[in-house]
Amino acid sequence: MMKWPETITIKEVGPRDGLQNEKIFIPTEDKIAWINKLSKSGLSSIEVTSFVNPKWIPALADASVVMAGIKREPGITYSALVPNRQGLERAFAANIDEAAVFMSASETHNLKNINKTIVDTLPVLKEIVQDANAAGKKTRGYVSTVFGCPYEGVVDTEAVVRVSESLFDMGIDELSLGDTIGVANPRQVQEVLDVLLKRFPVDKLAMHFHDTRGTALANILASLDMGITVFDSSAGGLGGCPYAPGASGNAATDDLLYMLHGMGIHTGVDEEKILAASAFIQKKIGYALPSKNLQAAGAHDKRRT
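Owing to the predicted nature of the structure, the values given are computational and were not obtained by experimental measurement.

Asks: Break down the pairing of strand S7 (residues 205–209) for me, citing the residues and quoting the values.
Replies: By the criterion of burial, S7 is predominantly enclosed, with five of the five residues buried. Here S7 shows no split at all, with Leu205, Met207 and Phe209 on one side and Ala206 and His208 on the other all buried. Pairing analysis gives five bridges linking strand S6 (residues 174–179) to S7, with the strands arranged parallel. Among the inter-strand pairings, Ser176 is bridged to a residue of S7, identified as Ala206.

So this is what it looks like as structure tokens:
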């Protein structure tokens, strides 16, 4: 018998990582209504938006208005992605609880995503992390392309280690390891974590899987087996990366909850409320989201009517 953890933490990234790749602009009031629904579900962390220049991510051009408009619930960390000092000032003005910084383990993806080399990215992120920490904000680091790059293919695990060490040296509170294009498999996940867990505390690591090839839940199980207890996911499976060709949706929060609750693992999140929130944003987006649990719930509702 596998020994699973009794409790895991789900970090909802749909409002940022889910919407950033959408071609249509979801009205600000709909974003706010969606986040308010998510806030009522028992989640402890919601990544609300990104303070990237709107020219690069027009879908999130209303970041400040969204942050000002949501109803904050006690006990929830409301975070945002912050690319530079200018973005941090906007994030401070919006009173974020946590600043998230991001970079890639592969040089080419970093250049495409941030328009800087890895070496040139580090001092920019260091300033953000240190200023955010000094202001009493939590900080989180994202490493993209941990398991594969759309431009370079296989990524050397030692490159992941070097980037991760740099981020921890800056003072981040938590590191999220991303399978940006959804190429990882459970064996690879365990091999990479076997290396990383010799260098970094297990309680400082989170996993961020995309379900491009249908392996996200399998990779989460492999991570659970290695002791990881924090996972990023997106309601409905919404999401993708604008600078990673072929990257489709994130691990769906709905599907993750169904699996974990069925295994007797506590999350503190209400599955029905997440399904309702997913159905809400699915209607606003105008196409079927990939979450299998959401699809099953929709089919069940149709049978009842």
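Asks: So what's going on with the nonpolar core? Residues and values would help.
Replies: Core analysis: the biggest nonpolar cluster contains 88 residues, and Trp34, Leu167 and Leu177 have the highest contact counts within it. Residue contacts for Leu167: discarding those within four places in its chain leaves Val101, Met103, Leu125, Tyr142, Val143, Ile172 and Leu175.

Asks: Can you lay out the pattern of salt bridges for me, pointing to particular residues and giving the numbers?
Replies: In the structure shown here, the tally under the stated rule is 16 salt bridges. Residue Glu174 is joined to Lys11 by a salt bridge in which the shortest nitrogen-to-oxygen separation is 2.8 Å. Of the two residues, Glu174 sits in strand S6 while Lys11 sits in strand S1 (residues 9–12), which places them 163 residues apart along the sequence. Residue class for Lys11 comes out buried when judged on its relative accessible area of 14%. Connected through salt bridges with shared partners, the residues Lys11, Arg140, Glu174 and Asp232 form a single ionic network.

Asks: Go over unusual backbone geometry, please, and point to the residues and values.
Replies: The backbone of Asn95 shows a phi angle near 60°, a positive value even though the residue is not glycine. Topologically, Asn95 is positioned in the loop between helix H4 (85–93) and strand S4 (98–104). Asn95 gets classed as partly exposed once you look at its relative accessible area, which sits at 43%. For Asn115, which is not a glycine, the phi torsion comes out positive at approximately 65°.

Asks: So, the packing of helix H10 (residues 253–262) against helix H11 (residues 271–285): which residues are in play, and what are the values?
Replies: Close contact between H10 and H11 brings their axes to 9 Å; oriented N to C, the two are set at 165°. As summarised for this structure, H10 and H11 are arranged roughly antiparallel, according to the angle between their axes. Here H10 runs over H11; the crossing is left-handed. Judged by residue contacts, Thr253, Asp254, Leu257, Tyr258 and His261 of H10 engage Glu271, Ile274, Leu275 and Ser278 from H11. Counted by class, the contact of H10 with H11 contains four nonpolar, three polar and two charged residues.

What counts and how
- Residues numbered from 1 in each chain as written.
- Predicted model: local features only at pLDDT ≥ 70, side-chain atom pairs only at ≥ 80, totals over all residues.
- Heavy atoms only, no water.
- Buried < 20%, exposed > 50% of the residue type's maximum accessible area, 1.4 Å probe, protein only.
- Helix = DSSP H or I, 4+ residues; strand = E, 2+ residues; numbered from the N terminus.
- Pairing = 2+ DSSP bridges.
- Core = buried A, V, L, I, M, F, W, Y, C linked by side-chain atoms within 4.5 Å.
- Contact = heavy atoms within 4.5 Å.
- Salt bridge = Lys/Arg side-chain N within 4 Å of Asp/Glu carboxyl O.
- Axes fitted to C-alpha atoms, helices over the stretch in contact; angles between N-to-C directions.
- Parallel < 35°, antiparallel > 145°, perpendicular 65-115°, else oblique.
- Left-handed = near helix turned anticlockwise from the far one by under 90°.
- Nonpolar A, V, L, I, M, F, W, Y, C, P; charged D, E, K, R; others polar.

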